[in-house]
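One-letter residues, chain by chain:
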Amino acid sequence: MKAPSSPRSWLASSALVLSLLLTAGPGDARALEVIVEEDDVSRPRRVLAPRAAPDAVMIVSFAVGSVDDGIQSGLTRLSQHMLLDGNAQEERGALRRDLYAAAAELDITTDVRRSTFRLRAPRASFDGLAARLLKLLFEPKLEKRQFARCRQMTLNDEMVAGSREHLLSFLAGSVITTEGGGTPGADYTNAPYGEADVVRRLSFDDVEQHVSTKLSPANATIVVTGRFDRAKLERALAPYKGGSRRAAERADIVPYLPKNLEGHTPRELYLQAHVLALDSAEEAASARLLQAILEERMRTQLKKQGASDALEAYVLRREWLDLLVVEVPVSAGGSRDLATQLGSALGDMRDGRFRPGEFERNKRFALAEMERDDVDSGRLADALLDSAGRVSWHSAEVRSALDNMAQAVFLGHARAWLDERHTVRATFAPGGAK
Amino acid sequence: MTNTAVAWSMRVVPVLLLLLTLVVASAAEGKRRGKKKSRAPRPATPSYVIERLEDGLTLVVVKAKSPRVSVRYAVRAGGFQDPEDKSGAAHLVEHLVFQGGYDIPEGKLEEMARQSGAQLVARTHTTWTSFGLDAPKESFLELFEPYVGLITNPALQFADLEREKRLVEGEETYQGLPALVWALDQLAFPSENRGRTVLGSKRTRDAIHAEDLVTFYEQHYTPANTVVLVVGDVQVREVRDVLERAVLQPPVLTPDRSRDEVEPNAPATAKVRSDSTGTASGYALGDVDARLCEDIAALLELRVLERVRWRESRASEARVRCERLRGQSFVVAYALAKDVFGSRLPVVLEKVMEGAAKRALTKDERRVLLARSRALRLQERLEPERLADAIASRLFQGGGSLEENLNSHFEAPRLDWSEMRPVMQRALTDKRHVLVHFSPYEE
């Protein structure tokens, strides 16, 4: 607040201070507070989580991905590069330089049905950089003379085999077809970064068309977490509306399971995925707890057997599909026995057998993870992505459900999710089929 | 006093104090008028303490206001200290520590960490091994003591070595940037390590027996060979007390680690066939202080990024770092690419690096680099985990005293062109160039 320079303004400032003291809470950032605004379908959905943090993160997510590329595999990815680096709204290189000077980061992801732009910046520079990014995305002036360079960027992108994006794309492409779980016209087998020979044939007009129809304000969700100026953000967003919001269609893959798949990654990997339903805070809490228990139990078991000590269990959440994934890097030939070993650990869970202290210990772990997520702008933004229009993964309700979770309630959800009939298994090996 | 009166006075007193502050601020406002809007805060140099304990162990505590505390318990021994033909020994020792100690059964510490929201991590590098603990402040001491007890008194004789060998087989070998750093070191100092890796191979691991690991542990895991780095809001006295109680190794005279300086093998080039394209293009700077090496690397990184990422798109990733290899400073540009145009990376990087001394540091470049340095140091201060990792790798890359390395980490860039230019003119030439290039198109 600016110091008063006259008796009248002194009085006004005092009145303001008084009113703030009488009405203000502990601060404008409350733990687990999440504000969701999605009433106006012509504008981007907003998911806001202000926190007392040293930085802020903004994720602009469009409900468009590789399934929408059709026969133009890589079109969405190339469009993203054009929006950032082939856009006359910014002098060439200016944004990149300013991001570098601020030690800020701007990354893009291209997924099966979602593409994102993620900005993380120290709080002093966030508001200005966020406004510039929004202008680039929602008021683009694509430049034809930058097209070749942006196409080169797309050709240089490499999806890391074994990364979560790769695994999701692989699972979706292998399981979902237009006959089974997909929607007409959506090609789940498209590679998110495209095929090189197809990308080389894409044109500037293709990108312009794609950006104007699919990457529109109405089809965007904006997640902002950390320390940011909400008024500035609203002013930056105010001019942007238009386009149409893609309907959220869940991919119903359960009728086509169980499935066993084979794939190709540089090192041997075993993966098991279970379809989840996350339609309530209680289910979200159960999924968090299941992830924690499975990870600890299986990691300990496999480590004792010398099979692997790098097992990871995580929940992969998308508007269209939620999965609990167990991912195990193994030494050569090790994946053969893993299905059996993991099967017995899951069987114990289905039968309601817990190790001593396991339930409470992992409940505390899951709660601690929520607390960690809540104070880290990046982790919080990732947890809130895919929260608009559905039950949130991160909220006071989920925390409460987790804290009060009883074993019987948890087992009810876990048994349904761990049903063998809702499972996908995949083994990846070097030199195997792609 | 009634509850209402108490509540009212609780609101009024702070208001009165605030009004008083406003009056004082108002009186000072005349001096503030016309001043520029404040910029991003400048990070103050954090305070740190270095203590050498009686048993020879070195404790470094860096104060940082944070709800979490990070520890790096670091031993000055890594893959380069593996016995001849038994590559992978240091790494196996790191694994075996977690199979439990005489007082702490396997898995117990992991359980305690998990329910506290803490993380345990251990990593073996080429010249050092670190055991990390990142924990909420409230549970830090409770976990720190058993962790130190485990590291300093593991039950190696009872460990299941064959099981750990099977687990190591599943670990990733070097990929991406670490692979390039390792390859450059092998090329620049071919007689020093002769191609050994931290993980070793199945053949070298099969040759390792339990006695080898016990010997390795006894030789290298001594207090005199250890630095404990703690970053967070802790009391030095409390940390010291834990170490004095929990370190269960006997004090040993510090071995003489001085050795002759080895001249790097430069110029040298290696082109290797590989699935992906990556380039490490390094220049031996010779004997320069860490701050100067960092300044040169920062300037070169800005110019490399402009050339291979922002103006043209030759690389998917690029950076320039100051590396300490075998006690010598190198400035190294790294770049990764996927497309066939990545084959031009070595030429492009060479052009940028070797031409850099001819183009003076501009005002704009200076502004960008100083702003970035400020922002990065501020970020680090607020994330103890990140600060601990950054300091630890600087402390153990070799060369300089602890104090020198700590000071140079917290020191702001000098970016003095009159200081940088002669070093760049002398060192950024083909005679001091070491290049490693991986590509699917090499024979």
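The model shown is predicted, which means the values in this text are computed figures rather than measured ones.

A. Examining the overall build of chain B more closely. Of regular secondary structure, chain B possesses 16 helices and 11 strands. Burial statistics for chain B: of 443 residues in total, 52% are counted as buried. Long-range contacts, defined as pairs at least 24 residues apart, comprise 81% of the intrachain contacts of chain B with a sequence gap of at least 6. For chain B, the accessible surface area stands at approximately 20,800 Å², while carbon and sulfur atoms represent 52% of it.

B. Representation of the overall build of chain A in the model. Secondary structure assignment for chain A yields 15 helices and 11 strands. By the burial criterion, 58% of the 434 residues in chain A qualify as buried. Summed over all atoms, the accessible surface of chain A reaches about 17,500 Å², with 51% contributed by carbon and sulfur.

C. Molecular detail of empty space enclosed by the protein. Residue and element names in this part refer to chain A. On inspection of all chains with the given rule, the structure shows seven cavities of 30 Å³ or more. One number sums up the size of the largest cavity: a volume of about 210 Å³. Among the secondary structure elements, those contributing two or more residues to the lining of the largest cavity are β3 (55-62) and β6 (220-226). Taken together, the residues of the lining of the largest cavity sort by class into seven nonpolar, three polar and eight charged. Estimated volume of the second largest cavity: approximately 110 Å³. If you trace the second largest cavity, you find 14 residues lining it, with L84, D85, E91, R92 and G93 closest to the centre.

D. A look at unusual backbone geometry. Going from A:L257 to A:P258, the amide bond is cis rather than trans, its omega being 5 degrees. Position of A:P258 among the secondary structure elements: in the loop between α9 (230-237) and β7 (259-264). Of note, the amide linkage connecting B:A266 to B:P267 takes the cis form, showing an omega dihedral of 0 degrees. Relative to the assigned elements, B:P267 resides in the loop between α10 (236-246) and β7 (268-273). Residue A:D386 is not a glycine yet carries a positive backbone phi of 70 degrees. Relative to the helices and strands, A:D386 is located in the loop between α13 (377-384) and α14 (396-403). The exposure class of A:D386 is buried, given its relative accessible area of 14%. Phi angles above zero are rare outside glycine, and B:L415 is one such case at about 50 degrees. Take B:L415: its relative accessible area is 3%, and that puts it in the buried class.

E. Main features of the nonpolar core. Ranked by size, the top nonpolar core spans 51 residues in total, and within it B:Y73, B:L133, B:F140, B:F144, B:V228, B:V230 and B:L243 carry the most contacts. Take this core: its biggest share by element is seven residues, from helix α4 (residues 137-152) of chain B. With sequence-adjacent residues up to four places away left out, B:L133 is seen in contact with B:V69, B:S70, B:V71, B:R72, B:A118, B:Q119, B:L120, B:F140, B:L143, B:F144 and B:Y147. One finds A:A56, A:L137, A:A220 and A:L233 within the second-largest nonpolar core, a separate group that totals 45 residues.

F. Expanded view of the confidence of the model for chain B. Residues and elements named next belong to chain B. Of all residues in chain B, 86% attain a pLDDT of 70 or more, and the chain-wide mean is 85. Of all secondary-structure elements in chain B, the lowest mean pLDDT belongs to helix α1 (residues 3-32), at 48, while helix α16 (residues 417-427) reaches the highest, 96. Within the model, pLDDT remains below 50 along residues 1-9, and this stretch shows three contacts once partners closer than five positions in the same chain are excluded. Low pLDDT, under 50, characterises residues 21-40; the predicted model gives this stretch 16 contacts beyond four residues in sequence or across chains. Both scores are available for the predicted complex, with the pTM at 0.87 and the ipTM at 0.86.

G. Focus on the sheet that holds strand β1 (residues 48-52) of chain B. Residue and element names in this part refer to chain B. Pairing within the open sheet is mixed, and its six strands lie in the order β1-β2-β6-β3-β5-β4. Looking at strand neighbours, the two that pair on one side only are β1 and β4 (119-124), the edges of this open sheet. Across the sheet, the mean angle from the axis of one strand to that of its neighbour is 15 degrees, orientation sign disregarded. Two strands pair when backbone bridges link them, and β4 and strand β5 (residues 129-136) are joined in this way by six bridges, in the antiparallel orientation. Following the sheet pairing, T124 is matched in β5 by T129. Helix-sheet contacts for helix α2 (residues 89-97) involve β4 and β5, and the interaxial angle to β4 is about 160 degrees.

H. Broad picture of helix α13 (residues 363-382) of chain B. Relative to the 28 Å expected for 20 residues at 1.5 Å per residue, α13(B) spans 29 Å between its end C-alpha atoms, a close match to the ideal helical length. Every buried residue of α13(B) is accounted for by B:E365, B:V368, B:L369, B:A371, B:R372, B:S373, B:R374, B:A375, B:R377, B:Q379 and B:E380. Elements in contact with the buried residues of α13(B): α3 (94-101) and β5 (115-122) of chain A together with α11 (290-311), α14 (384-396) and α15 (402-410) of chain B.

I. Structural view of the environment of B:Q328. All names here are of chain B. Summarising the element assignment, Q328 is placed in strand β10 (residues 328-337). Residue classification places Q328 among the buried residues on the basis of a relative accessible area of 6%. Taking the C-alpha atoms as reference points, Q328 and R194, 134 residues apart in sequence, are found 18 Å from one another.

J. Layout of the state of the cysteines. All names here are of chain B. By the definition in use, this model includes one disulfide over all chains. Each sulfur in the disulfide pair C293 and C322 lies 1.9 Å from the other. Between C293 and C322 the sulfur-sulfur dihedral comes to about 110 degrees; the bridge is accordingly right-handed. Linking C293 in helix α11 with C322 in strand β9 (residues 317-325), this pair joins segments that are 29 residues apart in sequence. In this structure C293 comes out as buried when scored by relative accessible area, which is 0%. Given the relative accessible area of 15%, C322 is considered buried.

K. Quick peek at the packing of α4(B) against α10(B). All names here are of chain B. Running from N to C, α4 and α10 cross one another at 35 degrees; their axes reach a closest spacing of 9 Å. Seen along the crossing, α4 lies across α10 with a hand that is right-handed. Between α4 and α10, the residues in contact are F140, L141, F144, E145, V148, G149 and T152 and E238, V239, V242, L243, R245 and A246, respectively. Residue composition of the contact of α4 with α10, by class: eight nonpolar, two polar and three charged.

The rules behind these values
- Residues numbered from 1 in each chain as written.
- Chains lettered and ligands numbered in written order.
- Predicted model: local features only at pLDDT ≥ 70, side-chain atom pairs only at ≥ 80, totals over all residues.
- Heavy atoms only, no water.
- Helix = DSSP H or I, 4+ residues; strand = E, 2+ residues; numbered from the N terminus.
- Buried < 20%, exposed > 50% of the residue type's maximum accessible area, 1.4 Å probe, protein only.
- Contact = heavy atoms within 4.5 Å.
- Areas by Shrake-Rupley, 256 points an atom, 1.4 Å probe, with all protein chains shown as cover.
- 1 Å grid on protein atoms, 1.4 Å probe; cavity = no way out; pocket = protein on both sides within 12 Å on 5 of 7 lines; lining within 4 Å.
- Points joined across faces, edges and corners; volume = space filled by probe spheres on them.
- Nonpolar A, V, L, I, M, F, W, Y, C, P; charged D, E, K, R; others polar.
- Core = buried A, V, L, I, M, F, W, Y, C linked by side-chain atoms within 4.5 Å.
- pLDDT = per-residue confidence, 0-100.
- Pairing = 2+ DSSP bridges.
- Axes fitted to C-alpha atoms, helices over the stretch in contact; angles between N-to-C directions.
- Expected span 1.5 Å × (residues − 1).
- Disulfide = S-S within 2.5 Å.
- Left-handed = near helix turned anticlockwise from the far one by under 90°.

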